[in-house]
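# Overview (structure and organization)
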Number of protein chains: 2
Amino acid sequence: MIIVITMPKLPFKAREKSDCLGARRSTRREAILDVLTSGPGHLSAEEIHKAALKRLPRIGIATVYRALKFLCGCGKAAEFIPADGVARYEPAGSRAHHDHLICTSCGCFIEAVDPEIERLQVRLAARHRFKPSSHKLEIYGLCSNCAGK
Amino acid sequence: MIIVITMPKLPFKAREKSDCLGARRSTRREAILDVLTSGPGHLSAEEIHKAALKRLPRIGIATVYRALKFLCGCGKAAEFIPADGVARYEPAGSRAHHDHLICTSCGCFIEAVDPEIERLQVRLAARHRFKPSSHKLEIYGLCSNCAGK
DNA sequence: GGCATAGTGATAACGATTATCATTATCCCA
DNA sequence: TGGGATAATGATAATCGTTATCACTATGCC
Ligand SMILES: [Mn+2]
Ligand SMILES: [Mn+2]
Ligand SMILES: [Zn+2]
Ligand SMILES: [Zn+2]
């Protein structure tokens with residue numbers, strides 16, 4: 001006798017979506033990911049919405065927020081919240097970690113990384129028996145343009 | 001002939017308040033500063049309001065926000081905005097700069113500072129022709145308690 | 001005491017974000 | 001190649017932290 005065991009098919013709801021499996025194809029999410037990767041980085045949700053409207057004139061702001069959360073869950077985008085409390089987004093995944101130098105005059109973001117600082121952060125955490133999973137280093141000040149000359 | 005030149009008396013409005021000169025005495029501000037210095041640090045405005053209500057049962061939340069902004073302007077308090085976007089406050093002035101290790105499980109804040117990291121941040125900024133005025137380093141992860149054992 | 005005005009509290013307004021819900025688009029399967 | 005299940009969407013209400021408004025009170029100075 002042959003016993004055939006068939007796995008019950010998982011409905012969409014039960015599938016894992018945090019890594020994009022089980023998610024349906026969506027022109028809005030693709031457009032928003034395209035805005036992230038093709039435009040200048042560090043955009044707010046509102047700025048992303050404005051840029052997306054040029055491609056999909058009827059896309060709503062709620063969809064932008066949902067898509068950004070989705071893409072962050074997939075690891076295709078990263079969110080960070082600077083001192084003004086308004087979330088900003090940049091493409092992620094293939095991109096390496098970096099910190100930000102934020103100009104308080106023109107608002108520009110300079111991406112920078114110092115391997116030695118990264119290493120010392122791990123040491124600092126260990127010194128306090130702290131298991132680090134992520135960190136945020138933001139340096140506020142004036143970019144070379146705004147500092148004059 | 002003697003010419004007497006009298007300086008016009010400056011009204012309150014014209015006086016400098018950012019360093020607390022010209023400010024009237026206020027039991028609310030004193031209570032809030034006391035909450036900051038006597039309680040556990042890193043409180044939100046709402047938590048500060050709750051603590052202040054025990055001393056001044058009629059103090060309003062707007063007064064708390066105003067007082068916190070005032071105290072930050074005086075240099076007697078410092079505000080910082082962690083990843084959840086909700087501002088938190090700690091006493092400042094006599095206190096030295098420090099960074100934060102923030103537990104994502106219990107929400108506790110560990111204060112830490114590494115002079116070498118501070119130095120390297122200046123170097124990193126200089127490398128990008130950036131004039132730093134302040135910085136924020138937050139390390140997220142698990143405190144020794146929450147990491148188990 | 002009396003005046004000018006800083007400080008206060010209640011509450012409305014605000015901006016960013018999230019929840020709700022009816023409608024639409026996508027996927028899977030017969 | 002439909003048709004049904006349901007994920008995705010857009011309009012909009014709701015939420016949350018924070019700020020603005022305004023009538024009223026407390027303070028400091030003469
Ligand atoms: Mn970046
Ligand atoms: Mn602290
Ligand atoms: Zn600049
Ligand atoms: Zn903890």
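Given the structure is predicted, the values throughout are model-derived calculations rather than measurements.

Thresholds, definitions, all that
- Every chain is numbered on its own, with residues counted from 1 as its sequence reads.
- Each chain is given a letter, starting from A, and each ligand a number, starting from 1, according to the order in which they appear as written.
- With pLDDT at 70 or above as the cut-off, local features in this predicted model cover only qualifying residues; side-chain atom pairs require 80 or more to be listed or tallied, and sums for whole chains, interfaces and linings still use all residues.
- Heavy atoms from the whole structure form the basis of all side-chain values; hydrogens and water molecules are not counted.
- Atoms of type N, O and S within 2.8 Å of a metal are treated as its donors, and for Na, K and Ca the window is 3.2 Å; water is not considered, so some sites may appear to be missing partners.
- Geometry assignment treats four donors as tetrahedral when all angles are between 85 and 135 degrees, treats four as square planar and six as octahedral when opposite donors are over 155 degrees apart and all others between 65 and 115, and treats everything else as irregular.
- For every residue, the accessible area (1.4 Å probe, protein chains only) is compared with the maximum for its type, and the residue is labelled buried under 20%, exposed over 50%, or partly exposed between those bounds.
- Think of it this way: any DSSP run of H or I at least four residues long counts as a helix, any run of E at least two long counts as a strand, and we number them from the N terminus.
- Each pair of strands is called paired provided DSSP finds at least two bridges between the two strands.
- C-alpha atoms of residues with pLDDT of at least 70 in both copies form the basis for the least-squares superposition of the copies.
- Here, residues are in contact when the closest pair of their heavy atoms is within 4.5 Å.
- What pLDDT conveys is the predictor's confidence in a given residue, as a value from 0 to 100.
- To obtain the arc, one takes the directions from the helix axis to the C-beta atoms.
- Geometry is summarised by axes, namely lines fitted to C-alpha atoms with helices restricted to the contacting stretch, and by angles between N-to-C directions that run from 0 to 180 degrees.
- Put simply, a salt bridge is a Lys or Arg side-chain nitrogen that is within 4 Å of an Asp or Glu carboxyl oxygen.

The next point concerns the coordination of the zinc ion (ligand 3). Residue and element names in this part refer to chain A. Distances from the zinc ion (ligand 3) to its protein donors, Cys103 (SG), Cys106 (SG), Cys143 (SG) and Cys146 (SG), fall within 2.2 to 2.4 Å. Given four donor atoms and angles of 101 to 116 degrees at the metal, the environment of the zinc ion (ligand 3) is assigned as tetrahedral. Note on Cys106: relative accessible area 47%, which makes it partly exposed. Look at Cys143 and you get buried, because its relative accessible area is 4%.

This part takes up the pairing of strand β3 (residues 88-91) of chain B. All names here are of chain B. Here β3 shows a buried face lined by Arg88 and Glu90 and a second buried face lined by Tyr89 and Pro91. Judged from the two bridges that link them, strand β1 (residues 43-44) and β3 form a sheet pairing that is antiparallel. Note on β3: the bridge partner recorded for Ser44 is Arg88.

Let us now look at the coordination of the manganese ion (ligand 1). All names here are of chain A. The manganese ion (ligand 1) binds to the protein through His42 (NE2), Glu90 (OE), His98 (NE2), His100 (NE2) and Glu111 (OE), with metal-donor distances spanning 2.1 to 2.4 Å. Taken in sequence order, the residues that donate to the manganese ion (ligand 1) follow the motif H-x47-E-x7-H-x1-H-x10-E. With His42 in the loop between α1 (27-38) and β1 (43-44) and Glu90 in strand β3 (residues 88-91), the pair connects residues that are 48 residues apart, well separated along the chain.

Moving on to the relation of the copies chain A and chain B. Superposing chain A onto chain B takes a rotation of 180 degrees plus a shift of 0.0 Å along the axis, which leaves an RMSD of 0.1 Å. Here the symmetry operator amounts to a two-fold rotation axis. The rotation axis passes nearest to the C-alpha of A:Leu137 in chain A, at a distance of 2.2 Å. Interface overlap between copies is the fraction of interface residues in one copy that are interface residues in the other; for chain A against chain B it reaches 100%, indicating a shared surface.

It should be kept in mind that the predicted coordinates are not to be read in detail where pLDDT is low. Residue and element names in this part refer to chain A. Predicted confidence across chain A gives a mean pLDDT of 86, with 85% of residues reaching 70 or more. Mean pLDDT values over the elements of chain A span from 93, in strand β2 (residues 77-80), up to 98, in helix α4 (residues 115-127). For residues 1-16, every residue scores under 50 in pLDDT, and the model assigns this stretch six contacts once sequence neighbours within four places are set aside.

What follows concerns helix α2 (residues 45-53) of chain A. All names here are of chain A. Looking only at α2, the buried set comprises Ala45, Ile48, His49 and Ala52. Projected down its long axis, α2 shows its buried positions confined to an angular sector of 105 degrees, all on one face. Relative to its buried face, α2 has exposed residues pointing more than 90 degrees away, namely Glu46 and Lys50. Those residues of α2 hidden inside the fold are in contact with α1, β1, α3 (61-74) and β3.

A separate point is the sheet that holds β1(A). Through backbone hydrogen bonds, the strands of a sheet pair up, either in parallel or in antiparallel fashion. Residue and element names in this part refer to chain A. What the three strands build is an open sheet, ordered β1-β3-β2; its pairing is antiparallel. The two strands at the open ends of the sheet, each matched to only one other strand, are β1 and β2. Along the sheet face, α1 touches β1, β2 and β3 and points at about 85 degrees away from the line of β3. Docked against the sheet, α3 engages β2 and β3, running at close to 110 degrees with respect to β2.

Quick look at the pattern of salt bridges now. With the rule as written, the count across this model stands at 18 salt bridges over all chains. Here A:Asp114 makes a salt bridge to B:Arg127, at a shortest N to O gap of 3.7 Å. Residue A:Asp114 is found in the loop between β5 (109-112) and α4, and its partner B:Arg127 is found in helix α4 (residues 115-127); the two belong to separate chains. Under the relative-accessibility criterion, A:Asp114 is labelled buried at 2%. Residue A:Arg123 pairs with B:Glu116 through a salt bridge whose shortest N-O separation is 3.6 Å. Of this pair, A:Arg123 sits in helix α4 while B:Glu116 sits in helix α4, each in a different chain. Here the residues in one salt-bridge network are A:Asp114, A:Glu116, B:Arg123 and B:Arg127, joined through shared partners.

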